Amino acid sequence: MALVAARPLISVYNEKSEATESKVLLPSVFRAPIRPDIVSYVHDQMSKNHRQPYAVSEKAGMQSSAESWGTGRAVARIPRVRGGGTHRSGQGAFGNMCRGGRMFAPTKTWRRWHRKVNIKQRRYAVVSAIAATGIPGLVMAKGHRIEETPEFPLVLSDKVEELKKTKEAVAVLRKLKAWNDIEKVYATKRFRAGKGKLRNRRRIMKRGPLIVYNKDNGITRAFRNIPGVTLINVERLNLLKIAPGGHLGRFCIWTESAFRRLDEIYGTYKQKSLTKNDFSLPLPKMTNSDLGRLLRSDEVQRVLKVKSHPLKRRLVKKNPLKNTRVMAKLNPYAITQKRMALKKHKQI
């Protein structure tokens with residue numbers, strides 16, 4: 001957050017990776033507090049809303065004519081299949097521990113599949129995710145290759161929105177050195193582990209850059225076929241796209257008009273949002289989050305008591321059976337007894 005706030009003006013690059021004369025003021029949303037706990041919780045809840053109900057058949061495992069034999073037959077009281085003349089007769093039925101029986105607690109379609117998330121929490125999470133996309137350390141920690149990109153956050157001129165051919169989009173990414181992130185996507189393409197291989201989800205790969213645009217004048221057609229690239233309109237920023245997996249720091253490429261609209265959509269610390277009803281940017285809990293520096297500051301140290309070092313004398317415990325002086329303290333008559341014993345020994 002401090003690194004981003006230190007550069008209030010962001011350069012705008014054209015499709016040839018050349019800095020243009022126009023500069024963009026950094027939107028206030030990039031100074032919002034970053035809350036991984038809120039982002040993780042909201043992402044977990046929102047990701048449950050695209051699930052489809054599933055359940056086993058109500059009749060599964062219960063289509064046998066079976067009845068318990070009762071007690072006194074030296075067998076378990078589980079229901080058993082009727083009849084004779086076949087292996088199936090006499091076998092246990094219905095129970096979840098039986099072969100061919102129903103499962104324990106058969107799944108139902110009326111399970112609570114979807115989750116309702118508070119709108120304030122959703123907005124807070126999106127704001128935090130946008131702020132995290134402006135910190136190079138978080139983006140690199142997530143695995144994105146942005147070492148050679150000219151600037152961060154990366155803002156492109158609006159001419160990029162008019163691209164219509166994939167080869168033009170690839171040329172732009174190569175010029176901006178953002179193609180390194182696409183090569184990472186190609187390298188991570190692999191087979192899925194698990195049953196998804198049988199369900200038309202054979203291959204998986206990592207996510208690449210997220211391209212945020214204002215008007216679709218052909219940009220979606222140009223970039224949609226590049227592996228790992230996701231396109232999204234600035235008015236419909238989605239937490240599932242900005243922070244996939246609930247992890248902060250996705251590599252975002254902004255168009256100039258989309259970048260300028262962030263203050264209008266999310267507001268600033270001086271005015272509320274113009275598009276979202278009664279929404280103000282969240283304030284950080286601490287103006288300075290460097291707790292170690294706060295504790296070491298003169299204002300705090302001046303009030304604290306001086307650390308004391310009380311002397312604690314630790315006495316060495318001595319064995320009275322081996323040490324005469326210690327024995328004398330415990331039993332003053334011990335010295336006399338010892339002398340008498342020595343005299344008696346000499347006489348003998």
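Before any of the text, the structure's been laid out above.
Residues numbered from 1 in each chain as written. Predicted model: local features only at pLDDT ≥ 70, side-chain atom pairs only at ≥ 80, totals over all residues. Heavy atoms only, no water.

**Student:** Just give me the short version of the packing of helix H2 (residues 36-46) against helix H3 (residues 119-132), but keep the residues and values in it.
**Tutor:** For the pair H2 and H3, interaxial distance at closest approach is 9 Å and the crossing angle is 120°. Taken as axis vectors, H2 and H3 run oblique relative to one another. Here the hand of the crossing between H2 and H3 comes out left-handed. Judged by residue contacts, Ile38, Val39, Tyr41, Val42 and Met46 of H2 engage Gln121, Arg122, Tyr124, Ala125, Ser128 and Ala129 from H3. Counted by class, the contact of H2 with H3 contains eight nonpolar, two polar and one charged residues. (Axes fitted to C-alpha atoms, helices over the stretch in contact; angles between N-to-C directions. Helix = DSSP H or I, 4+ residues; strand = E, 2+ residues; numbered from the N terminus. Parallel < 35°, antiparallel > 145°, perpendicular 65-115°, else oblique. Left-handed = near helix turned anticlockwise from the far one by under 90°. Contact = heavy atoms within 4.5 Å. Nonpolar A, V, L, I, M, F, W, Y, C, P; charged D, E, K, R; others polar.)

**Student:** Which residues make up the layout of surface pockets, and what values go with them?
**Tutor:** Roughly 230 Å³ of volume is contained in the second largest pocket. As for the second largest pocket, its lining consists of Lys142, His144, Lys184, Met205, Lys206, Arg207, Pro244 and Gly245. For the lining of the second largest pocket, a count of residues per class yields two nonpolar, two polar and four charged. (1 Å grid on protein atoms, 1.4 Å probe; cavity = no way out; pocket = protein on both sides within 12 Å on 5 of 7 lines; lining within 4 Å. Points joined across faces, edges and corners; volume = space filled by probe spheres on them.)

**Student:** How would you summarise a nonpolar patch on the surface if you had to cite specific residues and measurements?
**Tutor:** A contiguous nonpolar patch, built from Met286, Leu291, Leu294, Leu295, Val300 and Leu304 and spanning about 510 Å² of accessible area, is present on the exposed surface. Positionally, Met286 belongs in the loop between helix H10 (262-266) and helix H11 (291-296). With a relative accessible area of 41%, Met286 lands in the partly exposed category. (Patch = residues over 30% accessible without salt bridge, like charges linked within 9 Å, V, L, I, M, F, W, Y side chains within 5 Å. Areas by Shrake-Rupley, 256 points an atom, 1.4 Å probe, with all protein chains shown as cover. Salt bridge = Lys/Arg side-chain N within 4 Å of Asp/Glu carboxyl O. Buried < 20%, exposed > 50% of the residue type's maximum accessible area, 1.4 Å probe, protein only.)

**Student:** Hey, could you go over the sheet that holds strand S2 (residues 19-25) for me, with residue numbers and the actual values?
**Tutor:** Read from one edge of the open sheet, six strands run S2-S1-S5-S10-S8-S9, paired in mixed fashion. The sheet is open, and its two edges are formed by S2 and strand S9 (230-233), each paired on a single side. Pairwise comparison of adjacent strand axes, ignoring direction, gives a mean angle of 35° for this sheet. Two strands pair when backbone bridges link them, and strand S1 (residues 9-13) and S2 are joined in this way by four bridges, in the antiparallel orientation. What sits directly across from Ile10, in S2, is Val24. (Pairing = 2+ DSSP bridges.)

**Student:** Explain the packing of aromatic side chains residue by residue, including any values.
**Tutor:** The full count for this structure, using the stated rule, is six aromatic pairs. Between Phe30 and Trp254, the aromatic rings sit 6.0 Å apart at their centres with planes inclined by 70°, giving edge-to-face as the arrangement. Of this pair, Phe30 sits in the loop between S2 and H2 while Trp254 sits in strand S10 (residues 252-255), and the two are 224 residues apart along the sequence. Judged by its relative accessible area of 1%, Phe30 falls in the buried class. Within the aromatic cluster, the residues linked to one another by ring pairs are Phe30, Trp254 and Phe259. Across the ring face of Trp69, the terminal group of Arg73 is positioned such that the distance to the ring centre comes to 4.5 Å. Here the basic side chain of Arg80 rests over the ring of Trp69, its NZ or CZ set 5.4 Å away from the ring centre. (Phe/Tyr/Trp six-rings, centres within 6.5 Å; stacked < 30°, edge-to-face > 60°. Lys NZ or Arg CZ within 6 Å of the ring centre and 35° of its normal.)

**Student:** Please provide a residue-by-residue account of empty space enclosed by the protein, values included.
**Tutor:** According to the stated counting rule, one finds one cavity of 30 Å³ or more in the structure shown. The space that makes up the largest cavity amounts to roughly 50 Å³. Considering the residues around the largest cavity, the lining is formed by Leu156, Val160, Val172, Leu173, Ile211, Ile219, Phe223, Ile253, Trp254 and Thr255. Counting residues per element, the ones that place at least two in the lining of the largest cavity are helix H5 (166-175), helix H7 (219-223) and S10. Ranked by residue count, the leading element in the lining of the largest cavity is S10, at three residues. Residue composition of the lining of the largest cavity, grouped by class: nine nonpolar, one polar and no charged.

**Student:** Lay out the nonpolar core with the relevant residues and their values.
**Tutor:** The biggest cluster of nonpolar side chains holds 39 residues, and the ones touching the most others in it are Ile130, Leu237, Leu239, Trp254, Phe259, Leu262 and Tyr266. Listing elements by their share of this core, those giving two or more residues are S1, H2, H3, strand S8 (210-213), helix H8 (239-242), S10, helix H9 (256-260) and H10. Counting residues per element, this core draws most heavily on H3, at eight residues. Residue contacts for Leu262: discarding those within four places in its chain leaves Pro27, Val29, Phe30, Val234, Leu237, Trp254 and Gly267. One finds Val170, Leu176, Trp179 and Ile253 within the second-largest nonpolar core, a separate group that totals 25 residues. (Core = buried A, V, L, I, M, F, W, Y, C linked by side-chain atoms within 4.5 Å.)

**Student:** Mind laying out the side chain of Arg250, listing which residues take part and the relevant values?
**Tutor:** Relative to the assigned elements, Arg250 resides in the loop between H8 and S10. Summary of buried charges: Arg250 has no salt-bridge partner, and the nearest side chain of opposite charge, Asp181, is 7.0 Å away. At 3.4 Å, the side chain of Arg250 and the backbone oxygen of Gly228 are in polar contact. There is a polar contact of 2.9 Å between the side chain of Arg250 and the side chain of Thr230. (Lys, Arg positive; Asp, Glu negative; His and termini not counted. Polar contact = N/O pair within 3.5 Å; in protein donor to acceptor, adjacent residues only side chain to side chain.)

**Student:** Quick one: what's the story with the pairing of S8, residue by residue and with numbers?
**Tutor:** On S8, burial covers both faces: Leu210 and Val212 on one face and Ile211 and Tyr213 on the other are all buried. Of the strand pairs in this sheet, S8 and S9 are connected by four bridges, and their pairing is parallel. Within S9, the position partnered with Ile211 by the bridge is Leu231. Of the strand pairs in this sheet, S8 and S10 are connected by three bridges, and their pairing is parallel. When the bridges of S10 are listed, Val212 appears paired with Trp254.

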